Amino acid sequence: MSRTSKITPEMEKEIVETYRNNVKIKEMEEMFGISNQTIYGVLRRQGVGINNPKLSSGKKRTKKRRCECGAVMPGEAKFCHMCGKSLKTDEEIIIDNLLKARAKCLSQCTAGIRSDVDSAIMAAVELLKVKCGVK
């Protein structure tokens, strides 16, 4: 299919249905004569959740965490067993910094706005925790 050709709504529905029937994207490229980018674009437009190819048998692959010293860490480790360095993720560092800023703000602001400031910062912290999977 040329770049200028238009994908009809009927074709989009067929692409979505084919994808939901667990047909691989590579096979769909050949079936429909379109690129995988076009297929992914259709799926996004139609609000279809795209299966993550990094998932195997329904389980997420865990990424190996490494300390700056090179030691491989188990996923739940908070400190390196080789050098003792803290192993916080970027998200955990951001959340910690927000909580420190919250403490400073609450000590400096007037009583009239203290609860609003506290609520706003804690809402941001809770949202980050949920979105990033931080406990």
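Look above for the structure.
Residues numbered from 1 in each chain as written. Predicted model: local features only at pLDDT ≥ 70, side-chain atom pairs only at ≥ 80, totals over all residues. Heavy atoms only, no water.

Our next topic: the packing of helix α1 (residues 9–20) against helix α2 (residues 25–32). The description of two helices packed together rests on the angle between their axes and the distance between the axes. Taken N-terminus to C-terminus, the directions of α1 and α2 make an angle of 150°; their axes are 11 Å apart at the nearest point. Between α1 and α2, the angle is such that the two are roughly antiparallel. Helix-helix and strand crossings are classified by hand; for α1 and α2 the assignment is right-handed. Together, Met-11, Glu-14, Ile-15, Thr-18 and Tyr-19 of α1 and Ile-25, Met-28, Met-31 and Phe-32 of α2 make up the contact between the two elements. (Axes fitted to C-alpha atoms, helices over the stretch in contact; angles between N-to-C directions. Helix = DSSP H or I, 4+ residues; strand = E, 2+ residues; numbered from the N terminus. Parallel < 35°, antiparallel > 145°, perpendicular 65-115°, else oblique. Left-handed = near helix turned anticlockwise from the far one by under 90°. Contact = heavy atoms within 4.5 Å.)

Before going further, it helps to spend a moment on the layout of surface pockets. By volume, the largest pocket amounts to about 580 Å³. Taken together, 21 residues make up the lining of the largest pocket; nearest its centre are Arg-65, Leu-87, Lys-88, Thr-89 and Glu-92. Every element with two or more residues in the lining of the largest pocket is listed here: β1 (65–66) and α4 (90–108). The biggest single contributor to the lining of the largest pocket is α4, with four residues. (1 Å grid on protein atoms, 1.4 Å probe; cavity = no way out; pocket = protein on both sides within 12 Å on 5 of 7 lines; lining within 4 Å. Points joined across faces, edges and corners; volume = space filled by probe spheres on them.)

Geometric descriptors of this kind do not, in isolation, establish any biological role.
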